[in-house]
Amino acid sequence: MRCDNGAGWRADALAALGREQFDLLVVGGGINGAGIARDAVLRGLKVAVVEQGDFASGTSSRSSKLIHGGLRYLEQGNVKLVWESARERERLRRLAPHLVRPMRFVYPLYRGSKLRPWMLNAGLWGYDLLAGIRSVKRHRMLRPAAVQKVEPALRMEGLRGAGEYWDCWTNDARLVVETMLSAAQAGAVIVSRVRAVGFIKEGGRIAGARLVDGVGGAEITCRARAVVNAAGPWAHKVSELDGPGGVRLRLTKGVHVIVPRSRVGNDAALVLHARRDRRVMFVIPWGTHALIGTTDTDHPGGPDVPPRVEADDVAYLLETVNYYCPAAALRPSDVVGGYAGLRPLIAPPESEALSPSAVSREEEIHTAASGLISMAGGKLTTFRLVSEQIVDRVVAALRAAGDSRTFGPCRTVDTPLPGGRVDPAILADRAIAQNGHRMSGPVIAHLAARYGERLADVLSHVQQDSSLAAPVVPTEPDARAEVAHAVEHEFAMTLEDVLIRRTQLGLVDASGSAMAAPEVARVMATRLGWDEATAAREAAAYAAAVASDRERWG
Ligand SMILES: Cc1cc2nc3c(=O)[nH]c(=O)nc-3n(C[C@H](O)[C@H](O)[C@H](O)COP(=O)(O)OP(=O)(O)OC[C@H]3O[C@@H](n4cnc5c(N)ncnc54)[C@H](O)[C@@H]3O)c2cc1C
């Protein structure tokens, strides 16, 4: 599929959806929908993906962004999940070094904690062993004096020591977009803002879906031999379009807030126990910012009620950071951005009255009598593996239905993502040596770290229009060229797409992004055919949404 022109790719994709017969239609454009589409198209299937909003606009842009073995799961005795996750972590590091990067964690232990240093040491040994030779780096235990040296901002009173270990961090929304891009480059038809509203059946078997274009309003009948429901928090709703039964979910809300890191003073990611309920939470370094999360509370409203950051969520997170990093003294007004997401967890039986945090994070793959394959639960970390398992099922279903074509084996274990073949540091050095981009070294390094080998595509916008070298927000490295690139090459259609998911300016500096909205709309307008009034309306709507979010947590 062509994906080199803001408006053109969409028109092509819509036409193809109604015209072609697909082997596989994927409903949902989060990390799992993207992973499934990529795996299937790389094996030779003819694939389409529809997403009702922007790609990654569901849970997949609202995670803690950890690609991790999951130390917590080891505490729960779930060795298989940790082993699989650690293996996937190492694979993703290889396939997308620009998007999946090692991060150092410090887990301090205090007097009164049930978890003793020897227990943490044993757990971290287990963690290292499960990651095996693939491990990022081995853990070490630190005595209080050593903790003070490496993380001086941490509370010293009552400190018994700390474990230092390594995991990985990613940019979740960009991982989705690059996975989608890879699928599109391999021939998948992918389109955002198209909703599946029903299924078509032949002899009781799924034969495609009825779709509605959220932009033009057109109704499209899309024919497909197999359909996968990868609708995350909406998986139950989509499975109900097929009939009763199907996947049952328990949605829980997780909130993150972002504050200036200079206030917290952490160097590594900190693993802390929340003051109210002892749940594990993280304070993750994110450039000059710190990402603090997460909460875990039931979300009774269902997936169509957008999860929001509320004042009490902010209080829950800040009180813990202020306790363990006393000099931080953070107040709600120090929060520069935040977001809330829904965990699409598999509902445990009603007889099990579990707290939100006790509900399993494992995925479930379910094939209905109609042939609809639904997935729910799971983690960002294991999306490649789960996608492989789902496409195995799709291929088996096609065979069982008499399809005699031979499809290739799964290729996602060793096929890098589009930006992922070369170390970003090498790419940055080369681009800086060539110079002539009117951009500083740190900005080029930022672009290389974000786009990997696609850096040259972003820089080419500056060669055509030097005004695009300027930053979007004065204090952040994100360049205006990224706005142009997001529209022309990454399916962005609104300011929110650009400012929250292609860049994360709306998260790390929500007010700054609102001030930059008119200029961002101007760069987008020329590419999307917006007139001045439309651009002004889009910018005002974005700024109003930022202001209303801010009001809620004060
Ligand atoms: C607070 C929080 C923190 C987390 N932290 C981590 C972490 O650090 N590491 C980790 O590995 N995992 C983490 N997770 C889990 C991880 O984020 C999710 O498992 C993953 O993102 C789910 O992806 P998905 O594709 O299944 O769902 P989604 O990303 O929600 O995608 C589903 C998509 O389907 C679309 N859709 C729904 N209905 C329709 C329809 N009818 N037609 C078309 N499209 C439709 C939706 O718009 C949505 O975009 C976290 C989750 C949360 C909530």
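Residues numbered from 1 in each chain as written. Predicted model: local features only at pLDDT ≥ 70, side-chain atom pairs only at ≥ 80, totals over all residues. Heavy atoms only, no water.

Student: What's the story with the overall build of the protein in this structure? I'm lost.
Tutor: Helix and strand content of the protein: 19 helices and 18 strands. For the protein, whose C-alpha radius of gyration is 23 Å, the value lies close to the compact-globule estimate of 24 Å for 554 residues. When the backbone C-alpha atoms are referred to their principal axes, the protein occupies close to 70 × 60 × 45 Å. Within the protein, the proportion of its 554 residues that are buried is 59%. Counting every atom, the protein has about 21700 Å² of accessible surface; 53% of that belongs to carbon and sulfur. (Helix = DSSP H or I, 4+ residues; strand = E, 2+ residues; numbered from the N terminus. Rg over C-alpha atoms; globule rule 2.2 N^0.38 Å. Buried < 20%, exposed > 50% of the residue type's maximum accessible area, 1.4 Å probe, protein only. Areas by Shrake-Rupley, 256 points an atom, 1.4 Å probe, with all protein chains shown as cover.)

Student: So what exactly am I meant to see when it comes to the pairing of strand E9 (residues 205-213) here?
Tutor: As a general feature of sheets, a regular strand has side chains that alternate between the two faces. By the bridge criterion, 8 bridges tie strand E8 (residues 194-202) to E9 in an arrangement that is antiparallel. By the bridge assignment, Ala-196 is partnered in E9 with Leu-211. Hairpin connection between E8 and E9: a loop of 2 residues separates the two successive antiparallel strands, and Gly-203 in this loop has a positive phi of roughly 55 degrees. In this sheet, strand E10 (residues 219-229) lies alongside E9 in antiparallel orientation, the contact comprising 5 bridges. (Pairing = 2+ DSSP bridges.)

Student: What's the story with the side chain of Arg-501 in this structure? I'm lost.
Tutor: Mapped onto the secondary structure, Arg-501 falls in helix H16 (residues 495-502). Overall, Arg-501 belongs to the buried group, its relative accessible area being 3%. Of note is the side chain of Arg-501, whose polar atom sits 3.0 Å from the side chain of Asp-497. For Arg-501, the residues in contact, after removing those within four places along its chain, are Asp-54, Phe-55, Ala-56, Ser-57, Ser-61, Ala-173, Arg-174 and Glu-496. (Polar contact = N/O pair within 3.5 Å; in protein donor to acceptor, adjacent residues only side chain to side chain. Contact = heavy atoms within 4.5 Å.)

Student: Looking at this model, I keep getting lost on the site of the ligand. Mind explaining?
Tutor: By nearness alone, 37 residues border the ligand, and Asn-32, Glu-51, Ser-60, Leu-66 and Thr-381 come closest of all. The separation between a nitrogen atom of the ligand and a polar main-chain atom of Ala-196 is 3.0 Å. Between the ligand and Leu-380 there is a distance of 3.0 Å, counted from an oxygen atom to a backbone nitrogen or oxygen. Considered on its own, the ligand offers 1000 Å² of accessible surface; in the complex 95% of this is hidden by protein. Taken together, the elements giving at least two residues each to the shell around the ligand come down to helix H2 (31-42), strand E2 (47-51), E8, strand E11 (249-260) and strand E16 (337-346). By residue class, the composition of the shell around the ligand is 13 nonpolar, 18 polar and 6 charged. (Near = heavy atom within 4 Å. Nonpolar A, V, L, I, M, F, W, Y, C, P; charged D, E, K, R; others polar.)

Student: Sorry if this is basic, but what is going on with helix H10 (residues 311-324) here?
Tutor: Residue pairs spaced three or four apart in an α-helix point in one direction, given the helix's 3.6 residues per turn. An ideal rise of 1.5 Å per residue puts 20 Å on 14 residues; H10 measures up with 20 Å between its terminal C-alpha atoms. Residues Asp-313, Val-314, Tyr-316, Leu-317, Leu-318, Thr-320, Val-321 and Tyr-324 constitute the buried set of H10. (Expected span 1.5 Å × (residues − 1).)

Student: Hey, could you run me through helix H15 (residues 480-489) in this one?
Tutor: Within H15, 7 of the 10 residues are buried, leaving the element largely enclosed by the surrounding structure. When H15 is considered as a whole, its buried residues turn out to be Ala-481, Glu-482, Val-483, Ala-484, His-485, Ala-486 and Val-487. Of the surrounding elements, those touching the buried residues of H15 are helix H13 (441-451), helix H14 (455-464), H16 and helix H18 (510-528). Of the residues flanking the end of H15, it is Phe-491, one or two places downstream, whose phi is positive at about 65 degrees.

Student: Can you help me understand the environment of Leu-317 in this one?
Tutor: Locating Leu-317 in the fold gives a position in helix H10. The sequence separation of Leu-317 and Val-458 amounts to 141 residues, and the corresponding C-alpha distance is 36 Å. With sequence-adjacent residues up to four places away left out, Leu-317 is seen in contact with Val-255, His-256, Val-257, Met-281, Ile-292, Gly-293, Thr-294 and Thr-295.

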